[in-house]
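Descriptive structure summary
Each chain, letter by letter, is given below.
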Amino acid sequence: MTAKIHEFLEGMKDAGHTTPKKCYLCQPDQNTDTLIKLNNKLFKPYLKEEQILAAIEKMAAEIAKDYKDETPLFVGVLNGAFMFVADFLKAYQHPCQVSFVRLSSYQGLTSTGIVETLLDVQEDMEGKSVIILEDVVDTGRTLKQLVHLFSQTNVKEFKIAALFYKSEIYNGEYAIDYVGLEIPDNFIVGYGLDYNEMGRNLREVYQLNQADMINLVLFGKPGAGKGTQAGFLKEKYNLKHISTGDVFRYNIKNGTELGKLAKSYIDKGDLVPDEVTIDMLKDEVEKNPEASGFIFDGFPRTAAQAEALDNFLESKDMMVNATIALEADDEVLIARLLERGKSSGRSDDQDESKIRNRFEEYNEKTAPLKAYYEKQGKFHSVNGIGDIVEITERLGKVIDTLD
Ligand code: AMP
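First, a word on scope: everything that follows refers to the structure included in this document.

**Section: the site of the ligand**
Lining the immediate surroundings of the ligand are 16 residues, of which T244, R249, D270, G298 and R301 lie closest. A distance of 2.6 Å separates an oxygen atom of the ligand from a polar backbone atom of D270. R346 places a polar side-chain atom, nitrogen or oxygen, 3.4 Å from an oxygen atom of the ligand. Protein chains shield 96% of the accessible area of the ligand, which is 480 Å² for the free molecule. For the shell around the ligand, the leading source of residues is helix α6 (residues 244–253), giving 4 residues. Taken together, the residues of the shell around the ligand sort by class into 5 nonpolar, 5 polar and 6 charged.

Printed below as a string of structure tokens:
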């Protein structure tokens with residue numbers, strides 16, 4: 001259809017008419033460095049169509065080497081793999097069958113990683129070699145569900161072929177038998193992959209443009225108002241709020257292993273060990289690949305955490321833009337925390353000696369981070385005493401003047 005319209009436009013040109021500069025049926029600015037916008041977010045070109053098709057040809061040749069003498073069943077994982085499956089089958093010219101399965105992972109439940117099967121595979125698969133065609137393998141949660149699904153069938157063999165493979169974040173639970181392209185952990189869209197259901201029709205792959213991201217560290221002693229202010233700032237600047245304290249409390253409430261471990265430290269007002277906290281923070285960032293930026297609340301709290309955060313963000317082409325401290329006197333903070341403890345139920349807010357221990361931890365381990373961020377020219381200080389709205393405005397002034 002598109003070709004016919006192009007033919008028609010070419011015909012008009014021959015007849016002396018001018019053709020539009022860009023046909024609206026074409027993909028926007030393919031093969032250029034131009035950004036595209038999907039649901040108000042900017043994406044930049046990442047993989048060209050030729051690169052993707054070459055990777056698929058290579059995969060098809062590898063799989064043909066292993067399976068051309070039998071009739072494998074290829075199972076595409078909807079929705080993302082529809083383009084991959086189509087191009088793969090065009091490249092795989094040997095006897096085969098094809099089917100699809102549809103899984104959906106729920107964003108709101110990413111912490112538990114629940115993936116629900118929406119459509120089961122219908123074919124009788126007894127004795128067949130099944131090869132899953134998956135568009136992208138990242139954490140491995142979807143794969144787990146697929147393996148579970150097929151382990152209940154009597155297939156002869158079960159293999160996994162992933163067009164895009166994010167080796168950095170894959171949990172490594174199952175072998176990936178065939179890989180198209182190994183890619184870093186950036187949010188990608190196009191060639192079947194979507195951002196909020198947009199962009200699936202793009203012929204090339206784009207990645208989120210991180211340049212306009214804002215990542216903030218909210219700094220300050222317990223009770224300084226970091227959580228309260230983060231709640232306002234995340235709305236105003238469309239940021240994802242990550243409070244390590246909240247994540248720990250969520251885990252304690254749900255009785256997870258992480259919660260059990262953290263509880264022993266939190267109850268005393270001590271810091272949870274760096275190793276555990278850093279991994280948890282990375283996980284939280286990774287659960288939100290499409291975020292326009294983050295507010296880190298209660299992290300980093302030690303030099304090791306600050307360095308780990310810088311290295312981690314750099315690996316994702318991101319950075320901390322500013323660290324903003326909310327300043328308040330100890331005595332004001334103690335009064336606030338004891339008051340909060342009456343309603344929050346937090347044991348670490350109810351006992352003055354625990355609160356003082358948290359302050360000591362802060363003075364010893366967290367306060368030195370001021371110098372760390374000052375050296376980077378990123379440290380800002382804001383008066384944390386006064387009306388909540390006024391404090392939000394003070395923070396906004398700092399954020400609005402960031403480059
Ligand atoms: P918060 O809600 O930020 O006051 O955190 C409550 C408790 O969780 C702290 O007193 C620590 O025991 C633990 N915690 C939160 N964030 C961190 C962190 N970045 N490093 C170590 N421990 C933390």
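**Thoughts on the packing of aromatic side chains**
Going through the model one piece at a time under the given rule, you end up with 13 aromatic pairs. Ring centres of F74 and Y92 lie 5.0 Å apart, and the angle between their planes is 80 degrees; this geometry places the pair in the edge-to-face category. Within this pair, whereas F74 is found in strand β3 (residues 73–78), its partner Y92 is found in the loop between α3 (82–91) and β4 (97–105), the two being separated by 18 residues in sequence. One exposure class covers both F74 and Y92, and it is buried. Between F219 and F379 the ring centres are 5.7 Å apart and the planes differ by 85 degrees, which places this aromatic pair in the edge-to-face class. A residue pair is termed long-range when its members are at least 10 positions apart, and F219 in strand β11 (residues 214–219) and F379 in strand β15 (residues 379–383) qualify at 160 residues. Accessibility expressed as a relative area gives 3% for F219, which makes it buried. Taking NZ or CZ as reference, K221 lies 5.4 Å from the ring centre of F359, over its face.

**A look at the packing of α6 against helix α7 (residues 257–266)**
Relative orientation of the contacting elements α6 and α7 amounts to 115 degrees, with a least axis distance of 8 Å. Crossing of α6 over α7 shows left-handed handedness. Of α7, the residues touching α6 (which contributes F248, N251 and I252) are L258, G259, A262, K263 and I266. When its residues are assigned to classes, the contact of α6 with α7 shows 5 nonpolar, 2 polar and 1 charged.

**Thoughts on the sheet that holds strand β9 (residues 188–189)**
Strand order in the open sheet made by the 4 strands is β1-β2-β10-β9, with antiparallel pairing throughout. Bordering the open sheet on either side are β1 (36–38) and β9, each of which pairs with just one other strand. Here 4 bridges tie strand β2 (residues 41–47) to strand β10 (residues 205–208), and the two strands are oriented antiparallel to one another. Among the inter-strand pairings, L47 is bridged to a residue of β10, identified as V205.

**Comments concerning the pattern of salt bridges**
For the structure on display, the rule yields 26 salt bridges. Taking the shortest distance from any N to any O, the salt bridge between E197 and R200 comes out at 3.0 Å. The class of R200 is buried, set by a relative accessible area of 14%. Here E257 ties to K260 by a salt bridge, and the two come within 3.3 Å at their closest N and O atoms.

What counts and what doesn't
- Residues numbered from 1 in each chain as written.
- Predicted model: local features only at pLDDT ≥ 70, side-chain atom pairs only at ≥ 80, totals over all residues.
- Heavy atoms only, no water.
- Near = heavy atom within 4 Å.
- Polar contact = N/O pair within 3.5 Å; in protein donor to acceptor, adjacent residues only side chain to side chain.
- Areas by Shrake-Rupley, 256 points an atom, 1.4 Å probe, with all protein chains shown as cover.
- Helix = DSSP H or I, 4+ residues; strand = E, 2+ residues; numbered from the N terminus.
- Nonpolar A, V, L, I, M, F, W, Y, C, P; charged D, E, K, R; others polar.
- Phe/Tyr/Trp six-rings, centres within 6.5 Å; stacked < 30°, edge-to-face > 60°.
- Buried < 20%, exposed > 50% of the residue type's maximum accessible area, 1.4 Å probe, protein only.
- Lys NZ or Arg CZ within 6 Å of the ring centre and 35° of its normal.
- Axes fitted to C-alpha atoms, helices over the stretch in contact; angles between N-to-C directions.
- Left-handed = near helix turned anticlockwise from the far one by under 90°.
- Contact = heavy atoms within 4.5 Å.
- Pairing = 2+ DSSP bridges.
- Salt bridge = Lys/Arg side-chain N within 4 Å of Asp/Glu carboxyl O.

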